[in-house]
Amino acid sequence: MSFAVVVLAAGKGTRMKSALPKVLHPLLGRPLVEYAARAALDAGAERVVVVVGHGAEEVSAALEPLGVRTALQAEQLGTAHALASAREALSDWEGPVVVTMGDAPLISAGTLAGLAQAVPTGGGMAMLTFEPDDPAQYGRVIRDAAGRVDRVVEYKDASSEERAVREVNAGVYAFDAHVWDYLSEIGRDNAAGEYYLPDLIGVYQQHGLEVRAFKASDPTELLAVNDRAQLAAVERVLLERLRAHWMREGVRMVMPETVYLEPTVELAPDVTLEPGVMLKGATRVGEGASVGAFSVISDSELAPGTEVRSHSVLEGARLAAGAVAGPFARLRPGAVLEANAFVGNFVEVKKSRLGPGVKAGHLAYLGDAEVGAGTNVGAGTITANYDGVKKHPTIIGPRAFIGSNSVLIAPVRIGAEATVAAGSAINQDVPAGALGIARARQRNLEGWAERRTRASNSQKDGTRMEGETT
């Protein structure tokens, strides 16, 4: 069945108390409105139009990668007025139109498709309903003896008997092609002076057309976001769904309630995630890999059998099979650890490739470097890659040994099986198999401690040591 979807996303969201438009607030790495647009696309909608208003340019830019259309509601005069703003974008559309909310990210594609199919064939509309645990102030859906929708009564206008009804209006609708004409029959004689979509229920009934109710099977789908507390509540639901999904797929989560992950993350069976792990963006974790407690990984790829130890931060990094990072490692964009390479605590790697079996155990910075297979990088090693204007490369051959507390001043090459003596500041190439030493010759001053003590004492009593002048 062909249908279009209109997503209402023009409101400012004053209760968010933010300069950022409400529908752009991030939810698991995506703008809030993207969830509604994606659900519409996944439901099979042939046309998707997002009505924008507050922050229109920003919202339109955020949606551009999805290929959906946008329509501007220049003045926010209610939900029916917002739908009318989409008329031009759907001027040649003659099928059902589903209207959903840009701040309701949990509505599923299946629910939208089911609502579209509920529109009566001969003309009419369908409304999404649900039964929350606490109906609170929702408008009650009153049905007739045959079970058809008779009317929707707002809570403040409902009798005690009507308030006892648990089925409520979700504010999501599907209309036939007559909706564009019927919108002109809605007035705004209300306290807010706005045009409201629920008023179309009465308009359709006045035209003798059926109004059907389509009940959502999961009430949590209808959770909307109006403030930051509700945003957090929705995020909890999404996280619970994601965790449950991946655990069913064979992922082990230790204390799963503490694990954060985004919908774009991919996990293989037998992955282990320890407490406090955060996985973001286009991160992929291969079979049997493990991520230690409180590690944060973004846009990175971990091959099968890799290990990221606790408190490590990875951004745009790639680890080949058997590679180990951490604890307390930082791998910045462009960091590549090949098979069985190891970087330990307080090692930072940026735009560098560490070959198979490379070891950098602790306290090192490797930037803009190529490190050959089997090389050992000592503690305190720095590749000085930046001269204040440009970045320069450091090339280290296979099986080299870089002594502790060495500075490799780029551009520089260290040959295969070469050794850099500890404490050296290397600014010239070291040939293959050679020993590079760049440090001052050691001098031992005999009796230094005794002379220093005598000097200190003489200053205290005002006397001068032999050879002193005034």
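Residues numbered from 1 in each chain as written. Predicted model: local features only at pLDDT ≥ 70, side-chain atom pairs only at ≥ 80, totals over all residues. Heavy atoms only, no water.

**Comments concerning the overall build of the protein chain**
Here is step 1 of the chain: If you tally the helices and strands in the protein chain, you get 9 helices and 39 strands.
Here is step 2 of the chain: Relative to the globule expectation of 23 Å for 470 residues, the C-alpha radius of gyration of the protein chain, 33 Å, shows a markedly less compact shape.
Here is step 3 of the chain: C-alpha atoms of the protein chain, sized along the principal axes, occupy 115 × 55 × 40 Å.
Here is step 4 of the chain: Expressed as a percentage of its 470 residues, the buried residues of the protein chain come to 47%.
Here is step 5 of the chain: Expressed as a percentage of contacts within the protein chain between residues at least 6 apart in sequence, the contacts between residues at least 24 apart total 39%.
Here is step 6 of the chain: Carbon and sulfur atoms form 49% of the exposed surface of the protein chain, whose accessible area is close to 22,700 Å².
Here is step 7 of the chain: Computed over 47 positive and 56 negative side-chain charges, the separation of the two mean positions in the protein chain equals 10 Å. (Helix = DSSP H or I, 4+ residues; strand = E, 2+ residues; numbered from the N terminus. Rg over C-alpha atoms; globule rule 2.2 N^0.38 Å. Buried < 20%, exposed > 50% of the residue type's maximum accessible area, 1.4 Å probe, protein only. Contact = heavy atoms within 4.5 Å. Areas by Shrake-Rupley, 256 points an atom, 1.4 Å probe, with all protein chains shown as cover. Lys, Arg positive; Asp, Glu negative; His and termini not counted. Charge placed at Lys NZ, Arg CZ, Asp CG, Glu CD.)

**Digging into helix α2 (residues 56-63)**
Here is step 1 of the chain: Among all positions in α2, only A56, V59 and L63 are buried. Down the axis of α2, the sector holding all buried residues measures 70°, keeping them to one side. (Arc of directions from axis to C-beta.)

**Here's the deal with the sheet that holds strand β36 (residues 412-414)**
Here is step 1 of the chain: Across the sheet, 9 strands lie side by side as β14-β17-β20-β23-β26-β28-β30-β33-β36; this open sheet has parallel pairing. The sheet is open, and its two edges are formed by β14 (266-267) and β36, each paired on a single side.
Here is step 2 of the chain: With 2 bridges connecting them, strand β23 (residues 318-319) and strand β26 (residues 336-337) associate as parallel partners. When the bridges of β26 are listed, R318 appears paired with V336. (Pairing = 2+ DSSP bridges.)

**Examining the side chain of T383**
Here is step 1 of the chain: Locating T383 in the fold gives a position in strand β32 (residues 382-384).
Here is step 2 of the chain: Those residues in contact with T383, other than ones at most four positions away along the chain, are Y365, L366, G367, A369, T394 and L408.

**Let's talk about the pairing of strand β1 (residues 4-9)**
Note on strand geometry: in a regular strand, side chains alternate between the two faces of the sheet.
Here is step 1 of the chain: Within β1, 6 of the 6 residues are buried, leaving the element largely enclosed by the surrounding structure.
Here is step 2 of the chain: On β1, burial covers both faces: A4, V6 and L8 on one face and V5, V7 and A9 on the other are all buried.
Here is step 3 of the chain: Summarising the sheet, β1 and strand β4 (residues 47-52) pair through 6 bridges and their orientation is parallel. In the sheet register, A4 faces β4, and the bridge partner there is R47.

**Thoughts on a nonpolar patch on the surface**
Here is step 1 of the chain: On the surface, F328, F346 and L363 cluster together into a nonpolar patch covering about 310 Å² of accessible area.
Here is step 2 of the chain: On the secondary structure map, L363 appears in strand β29 (residues 359-367). (Patch = residues over 30% accessible without salt bridge, like charges linked within 9 Å, V, L, I, M, F, W, Y side chains within 5 Å. Salt bridge = Lys/Arg side-chain N within 4 Å of Asp/Glu carboxyl O.)

**A short note on the pattern of salt bridges**
Here is step 1 of the chain: Taken as a whole, this structure holds 20 salt bridges when the rule is applied.
Here is step 2 of the chain: Members of the salt-bridge network, linked through shared partners, are E315, R330, R332 and E348.

**Looking at the environment of V99**
Here is step 1 of the chain: Mapped onto the elements, V99 comes out in strand β6 (residues 97-101).
Here is step 2 of the chain: Relative accessible area serves as the criterion here: at 1%, V99 is assigned to the buried category.
Here is step 3 of the chain: Along the sequence, V99 and E274 sit 175 residues apart, while their C-alpha atoms lie 41 Å from each other.
Here is step 4 of the chain: When sequence neighbours within four positions are dropped, the list of residues in contact with V99 reads V6, L8, L83, G171, V172, Y173, F175 and L197.

**Brief notes about the pairing of strand β8 (residues 140-143)**
Here is step 1 of the chain: In terms of strand pairing, β8 meets strand β9 (residues 149-153) through 4 bridges, oriented antiparallel. When the bridges of β9 are listed, V141 appears paired with V152.
Here is step 2 of the chain: In sequence, β8 turns back onto β9 through a hairpin of 5 residues, with G147 there showing a positive phi of about 90°.

**A few points about the packing of aromatic side chains**
Here is step 1 of the chain: By the definition in use, this model includes 5 aromatic pairs.
Here is step 2 of the chain: Ring centres 5.3 Å apart and planes at 15° place the aromatic pair F328 and F346 in the stacked group. Separated by 18 residues along the polypeptide, F328 in the loop between β24 (324-325) and β25 (330-331) and F346 in strand β27 (residues 342-350) bring together distant segments of the chain.
Here is step 3 of the chain: A relative accessible area of 38% places F328 in the partly exposed class.
Here is step 4 of the chain: Judged by relative accessible area, F346 falls into the partly exposed class, the value being 48%.
Here is step 5 of the chain: Positioned over the ring face of Y386 is K391, at 5.6 Å from the centre of the ring. (Phe/Tyr/Trp six-rings, centres within 6.5 Å; stacked < 30°, edge-to-face > 60°. Lys NZ or Arg CZ within 6 Å of the ring centre and 35° of its normal.)

**Quick notes on the confidence of the model for the protein chain**
The predicted coordinates should not be examined in detail at positions where pLDDT is low.
Here is step 1 of the chain: Scored by pLDDT, the protein chain has a mean of 94; 98% of the residues are at 70 or more.
Here is step 2 of the chain: With pLDDT under 50 throughout, residues 466-470 is counted as low confidence; its partners more than four residues away or in other chains account for 3 contacts. (pLDDT = per-residue confidence, 0-100.)

**Concerning the environment of V347**
Here is step 1 of the chain: Looking at the element boundaries, V347 is found in strand β27.
Here is step 2 of the chain: Under the relative-accessibility criterion, V347 is labelled buried at 1%.
Here is step 3 of the chain: In this structure the C-alpha to C-alpha distance between V347 and L363, which are 16 residues apart in sequence, comes to 5.1 Å.
Here is step 4 of the chain: Ignoring any residue separated from it by four or fewer positions in sequence, one finds V347 in contact with F328, A329, R330, A360, G361, H362, L363 and A364.

**Observations regarding the nonpolar core**
Here is step 1 of the chain: Counting residues in each nonpolar core, the largest one holds 63 residues, and the members touching the most others are L267, L273, L319, L331, V343 and I414.
Here is step 2 of the chain: Broken down by secondary-structure element, the contributors of at least two residues to this core are α1 (32-42), α8 (228-248), β13 (260-261), β27, β29, β30 (369-371) and β36.
Here is step 3 of the chain: Setting aside residues no more than four positions away along its own chain, I414 makes contact with I395, I396, G397, A400, I402, L408, V420, I426 and V430.
Here is step 4 of the chain: By size, the runner-up hydrophobic cluster in this structure holds 41 residues, among which are F3, L66, I107 and A126. (Core = buried A, V, L, I, M, F, W, Y, C linked by side-chain atoms within 4.5 Å.)

**Examining the side chain of D368**
Here is step 1 of the chain: Looking at where D368 falls in the secondary structure, it is placed in the loop between β29 and β30.
Here is step 2 of the chain: Among the polar contacts made by the side chain of D368, one reaches the side chain of N385 at a distance of 2.6 Å.
Here is step 3 of the chain: Not counting residues within four places of it along the chain, the set of residues in contact with D368 comprises K350, K351, S352, N385, K391, H392, P393 and T394. (Polar contact = N/O pair within 3.5 Å; in protein donor to acceptor, adjacent residues only side chain to side chain.)

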